[in-house]
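# A structural walkthrough
Spelled out, the chains give:
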Amino acid sequence: MMNQLEVFFDYFCPFCQKGHYYLKKLYPAYPNVEIVWRPWSDEHPRPEAGMCMLGLYFALDSGADIWEYHDRMYQATILKQMDISTIDAFVECFKGLLDSDALREALQNGDYAKAQRDENLKAYEKYGIWEIPAYRMNEMKLDSVLGVNISKDQIKDFIDAAKWD
């Protein structure tokens, strides 16, 4: 039986970036776990934060390599601190991974904006997410504590405890 691991994260969060790399290393050991990506935004003062989230929805709908999308986002936002505040600069990050023209059009048209608002509401109201990264699976939860990272071992232990065989 397939288990769904919901991952709540933000591309501007260094703890989320670490959690992403931990999960990327752990994931191959869990073939019966499907990840549901839940981008979360704490009403960033940075307009590009919204584009990062909307771009993920576009990448998911496009069937792109989501791990690669995440890697490029964390490179741009945290590791290289690139200026991706314009649509053109943002789209440039994904050449060769996403259809640039279609991505640009989706961002300009506001495609996925409602999905992002709905996900944020769901994160607060349904899941009680206040700190990220946060993980949910089979009625169990693992939440960050303000200013404290979740370790690779904690993620592994959580998946082991929450998964159904």
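Note that the structure is predicted; figures quoted are calculated from it, not measured. (Residues numbered from 1 in each chain as written. Predicted model: local features only at pLDDT ≥ 70, side-chain atom pairs only at ≥ 80, totals over all residues. Heavy atoms only, no water.)

### Focus: the pattern of salt bridges
Filter applied, for reference: We define a salt bridge as a side-chain nitrogen of Lys or Arg found within 4 Å of a carboxyl oxygen belonging to Asp or Glu. Numbering of helices and strands runs from the N terminus, with a helix taken as a DSSP run of H or I at least four residues long and a strand as a DSSP run of E at least two residues long. Each residue is assigned to one of three classes by its accessible area relative to the maximum for its type, calculated with a 1.4 Å probe on protein chains only: buried under 20%, partly exposed between the two thresholds, exposed over 50%.
One pass over the structure, following the stated rule, counts twelve salt bridges. R72 is the partner of E68 in a salt bridge, and the nearest nitrogen-oxygen pair spans 2.9 Å. Note that E68 and R72 are positioned in helix α3 (residues 66-79) at a spacing of four residues, about one turn of the helix. In this structure, the salt-bridge partner of K156 is D160, at a minimum N-O distance of 2.8 Å. A residue pair is termed a helical-turn pair when its members lie 3 or 4 positions apart in one helix, as K156 and D160 do in helix α7 (residues 152-162) at four residues. Exposure remark for K156: the relative accessible area of 35% places this residue in the partly exposed category. Taking relative accessible area as the criterion, D160 reaches 34% and is therefore assigned partly exposed. Several salt bridges share partner residues, and in doing so they unite E6, R38, E119 and K122 into one network.

### Details of the packing of helix α1 (residues 14-26) against α3
How we decide: Interaxial angle, 0 to 180 degrees, is taken between N-to-C directions of lines fitted to C-alpha atoms, where a helix line uses only the stretch in contact. The labels follow the angle: roughly parallel below 35 degrees, roughly antiparallel above 145, roughly perpendicular from 65 to 115, and oblique for the rest. Left-handed describes a crossing in which the near helix is turned anticlockwise from the far one by less than a right angle; the clockwise case is right-handed. The criterion used for residue contact is that any of the two residues' heavy atoms lie within 4.5 Å. In this count, Pro and Cys sit with the nonpolar residues alongside Ala, Val, Leu, Ile, Met, Phe, Trp and Tyr, while Asp, Glu, Lys and Arg are called charged and the others, Gly among them, polar.
Running from N to C, α1 and α3 cross one another at 150°; their axes reach a closest spacing of 11 Å. As far as their axial angle goes, α3 and α1 are roughly antiparallel. The handedness of the crossing between α1 and α3 is left-handed. Along the contact surface, α1 presents P14, C16, Q17, H20, Y21, L23 and K24, while α3 presents W67, H70, D71, Y74, I78 and L79. Classifying every residue of the contact of α1 with α3 by side-chain character gives eight nonpolar, three polar and two charged.

### Some points on the sheet that holds strand β3 (residues 134-137)
For the record, the criterion: Two strands qualify as a pair provided that DSSP identifies no fewer than 2 bridges between them.
Read across the open sheet, the four strands follow the order β2-β1-β3-β4; overall the sheet is mixed. Every interior strand has two partners, whereas the edge strands, β2 (33-39) and β4 (140-143), have only one. Averaged over all adjacent pairs, the angle separating strand axes in this sheet is 15°, with direction ignored. Of the pairings in the sheet, the one linking strand β1 (residues 3-9) to β2 comprises seven bridges and is parallel in character. Note that in β2 the partner of E6 across the bridge is V36. Set on the sheet, α1 makes contact with β1, β2 and β3; between it and β1 the angle comes to about 155°. Where α3 meets the sheet, its contacts fall on β1 and β2, and the angle it forms with β2 comes to roughly 35°.

### Things to note about the environment of V91
On the secondary structure map, V91 appears in helix α4 (residues 87-92). Dropping the residues within four chain positions of it, V91 is found in contact with S100, L103, R104 and L107.

### Observations regarding the pairing of β4
Pairing between β3 and β4: four bridges, direction antiparallel. Each bridged residue has a counterpart across the sheet, and for Y135 the counterpart in β4 is L142. Following β3, the chain reverses through two residues before pairing antiparallel with β4; N138 in that reversal takes a positive phi of roughly 50°.

The values are spatial; any link to function lies outside them.
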